Amino acid sequence: MRKFSYHRAHDVSEALGEVAEQEEAKFIAGGTNLLDLMKIDVMHPRHLVDITRLALNTIEDTEEGGLRLGALVTNADTAYHPEVEKRYPLLSHAILAGASPQLRNKATNGGNLLQCTRCYYFYDKATPCNKREPGTGCSAINGFNRIHAIFGTSEHCIATHPSDMCVALAALEARVQVSGPQGEREIPFADFHRLPGDQPQKDSNLAKDEIITAIDLPPKGFANNFTYLKNRDRASYAFALVSVAAGLEMDGDTIQEARIALGGVAHKPWRNQEAEALLQGKRASRADFQQAADAIVQGAKGYKYNEFKIELARRSVVRALMQAAHIDDSL
Ligand SMILES: Cc1cc2nc3c(=O)[nH]c(=O)nc-3n(C[C@H](O)[C@H](O)[C@H](O)COP(=O)(O)OP(=O)(O)OC[C@H]3O[C@@H](n4cnc5c(N)ncnc54)[C@H](O)[C@@H]3O)c2cc1C
Ligand code: SF4
């Protein structure tokens, strides 16, 4: 690990000032991702700004009837918060499907959004990687690409975003609250993360000198009809190969609105709103869920070792929707 300086900030403006003033500075929250990357020298900030003492650690009602999740609330405290469990169980289930209890006790909501890909080559400094070192090439495209993306890839990078929490936040149409030198702004969740394009080193649209202060959940929580389905190599403590966050608003058997977001398949949580619209006004049935799933995987592109993800995604969408609609999956 290289040498770095450290400063503990006590309010947002102090934290922003520290990052703006110091060269190669980074915020540190739970440290569960950043410290790992520093230890293996994949990231080497010269200055760390500890934000854990900022007053961004509450969960509060919003005026519009939703919830505001502070950026520094831990993943565990968010998942077990009574209002999250009651009104946004999809989010609670997604968070609890990730990492381990110890990690969730340390990991924060802001850090979860900004965690780095789990592409093996990104962590292996002996191999080329455009995300780690722009312009060096992508080792995964012709390498071992079992965990990689099937949607929205580019010739420069086929990595996936590893978060479970973010898949639920995409389905819930959360909004990210941000502060920076120019003031405050709000980023719709769909615009927060980026596809790799020709700049895979940029994971999100957050500027380097901006801080996440909160994540807003709109009033609609899909609390009666939801599922977070995570397929992975081990039953626990493993990242998703394919995950699905599904929420349905039902009137009897009829679907008023459907939300479907996939994880483990793209550089950002993956939504296809045209496929969601196919379900609007339909009676919940396996046949219609299959049609939506077919529409979602239509544009998928597999690589040598991850072709299986296309069929896995198709079947996972159907199963998640069956569960969300409370239809016996064996029918
Ligand atoms: C072994 C292991 C298994 C895991 N399994 C899963 C899993 O199955 N599913 C899953 O979803 N996650 C998993 N994780 C990832 C874990 O959820 C993340 O590491 C964690 O959420 C990151 O939060 P943090 O507060 O520790 O972030 P940090 O490590 O402190 O920071 C991560 C990044 O975010 C930046 N940052 C942090 N907070 C802010 C803020 N408020 N504003 C601006 N920038 C900020 C930091 O500068 C840094 O770049 C796993 C992690 C490990 C180590
Ligand atoms: S997929 Fe992306 S992160 Fe992985 S080696 Fe290629 S450029 Fe690097």
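Whatever comes next refers back to the structure up there.
Presented here is a report on the structure given in the accompanying data block. (Residues numbered from 1 in each chain as written. Chains lettered and ligands numbered in written order. Predicted model: local features only at pLDDT ≥ 70, side-chain atom pairs only at ≥ 80, totals over all residues. Heavy atoms only, no water.)

Some remarks on the overall build of the protein chain
In step 1: When helices and strands are tallied, the protein chain shows 12 helices and 12 strands.
In step 2: Taken over C-alpha atoms, the radius of gyration comes to 20 Å for the protein chain, in line with the 20 Å a tight globule of 331 residues would show.
In step 3: Counting only C-alpha atoms, the protein chain reaches 60 × 50 × 35 Å along its principal axes.
In step 4: Taken over 331 residues, the protein chain has a buried fraction of 53%.
In step 5: Long-range contacts, defined here as pairs at least 24 residues apart, represent 63% of the contacts in the protein chain between residues at least 6 apart.
In step 6: On the protein chain, roughly 15100 Å² of surface is accessible, and the fraction owed to carbon and sulfur atoms is 48%.
In step 7: With 38 positive and 42 negative side-chain charges, the protein chain shows a separation of 6 Å between the mean positions of the two kinds. (Helix = DSSP H or I, 4+ residues; strand = E, 2+ residues; numbered from the N terminus. Rg over C-alpha atoms; globule rule 2.2 N^0.38 Å. Buried < 20%, exposed > 50% of the residue type's maximum accessible area, 1.4 Å probe, protein only. Contact = heavy atoms within 4.5 Å. Areas by Shrake-Rupley, 256 points an atom, 1.4 Å probe, with all protein chains shown as cover. Lys, Arg positive; Asp, Glu negative; His and termini not counted. Charge placed at Lys NZ, Arg CZ, Asp CG, Glu CD.)

Points about the site of ligand 1
In step 1: In the vicinity of ligand 1 there are 33 residues, among which F27, G31, T32, T108 and D164 approach most closely.
In step 2: Measuring from an oxygen atom of ligand 1, one finds a backbone N or O atom of A29 at 2.9 Å.
In step 3: N112 places a polar main-chain atom, nitrogen or oxygen, 3.5 Å from an oxygen atom of ligand 1.
In step 4: When contributions to the shell around ligand 1 are tallied by element, the ones reaching two or more residues are β2 (25-28), α2 (34-39), α7 (109-113) and β8 (211-217).
In step 5: In terms of residue class, the shell around ligand 1 is built from 16 nonpolar, 12 polar and five charged. (Near = heavy atom within 4 Å. Polar contact = N/O pair within 3.5 Å; in protein donor to acceptor, adjacent residues only side chain to side chain. Nonpolar A, V, L, I, M, F, W, Y, C, P; charged D, E, K, R; others polar.)

Quick look at the pattern of salt bridges
In step 1: A complete count under the given rule lists 26 salt bridges for this structure.
In step 2: Among the ionic pairs, R175 bridges to D216, the shortest N-O distance being 4.0 Å. Placement of R175 in strand β6 (residues 175-180) and of D216 in strand β8 is noted, with a sequence separation of 41 residues between them.
In step 3: When the shortest N-O distance is used, the salt bridge between E311 and R315 registers 2.8 Å. Separated by four residues within a single helix, E311 and R315 lie in helix α12 (residues 308-324), roughly one turn from each other.
In step 4: On the accessibility criterion, R315 (56% relative accessible area) is exposed.
In step 5: Three or more residues joined by partner-sharing salt bridges are found here, namely E173, K220, E249, E257, R259, R271 and E276. (Salt bridge = Lys/Arg side-chain N within 4 Å of Asp/Glu carboxyl O.)

Quick notes on the site of ligand 2
In step 1: Contacts to ligand 2 come from 14 residues, most closely from C119, C129, C138, C157 and I158.
In step 2: In this structure the site holding ligand 2 corresponds to the largest cavity.
In step 3: A per-class count over the shell around ligand 2 returns nine nonpolar, four polar and one charged. (1 Å grid on protein atoms, 1.4 Å probe; cavity = no way out; pocket = protein on both sides within 12 Å on 5 of 7 lines; lining within 4 Å. Sits in = over half its atoms within 2 Å of the grid points.)

Comments concerning empty space enclosed by the protein
In step 1: Under the counting rule described, the total for this entry stands at two cavities of 30 Å³ or more.
In step 2: Its residues assigned to classes, the lining of the largest cavity shows 10 nonpolar, six polar and one charged.
In step 3: Counted as a void, the second largest cavity has a volume near 50 Å³.
In step 4: Contributing to the lining of the second largest cavity are C116, T117, K131, A159, T160, H161, D203 and H267. (Points joined across faces, edges and corners; volume = space filled by probe spheres on them.)

A word on the layout of surface pockets
In step 1: A volume near 290 Å³ is recorded for the second largest pocket.
In step 2: I147, A238, F239, A240 and L241 are the residues nearest the centre of the second largest pocket, which is lined by 24 residues in total.
In step 3: When its residues are assigned to classes, the lining of the second largest pocket shows 11 nonpolar, seven polar and six charged.

Overview of the pairing of strand β9 (residues 226-231)
In step 1: Burial analysis of β9 places five of its six residues in the buried class, which makes it a mostly covered element.
In step 2: With six bridges joining them, β9 and strand β10 (residues 242-251) adopt antiparallel strand pairing. By the bridge assignment for β10, Y228 is matched with A245. (Pairing = 2+ DSSP bridges.)

Notes on the nonpolar core
In step 1: In this structure, L90, L91, L113, L169, V176, F189 and L217 are the most contacted members of the largest nonpolar core, which totals 37 residues.
In step 2: Mapped onto this core, the elements with two or more residues apiece are β5 (67-70), α5 (89-96), α8 (165-171), β6, α9 (189-192), β8 and β9.
In step 3: Element by element, the count of residues in this core is highest for α8, at seven residues.
In step 4: Residues contacting L217, with those up to four places away along its chain left out, are E64, G66, L67, L69, Y88, L91, L169, L172 and A174. (Core = buried A, V, L, I, M, F, W, Y, C linked by side-chain atoms within 4.5 Å.)

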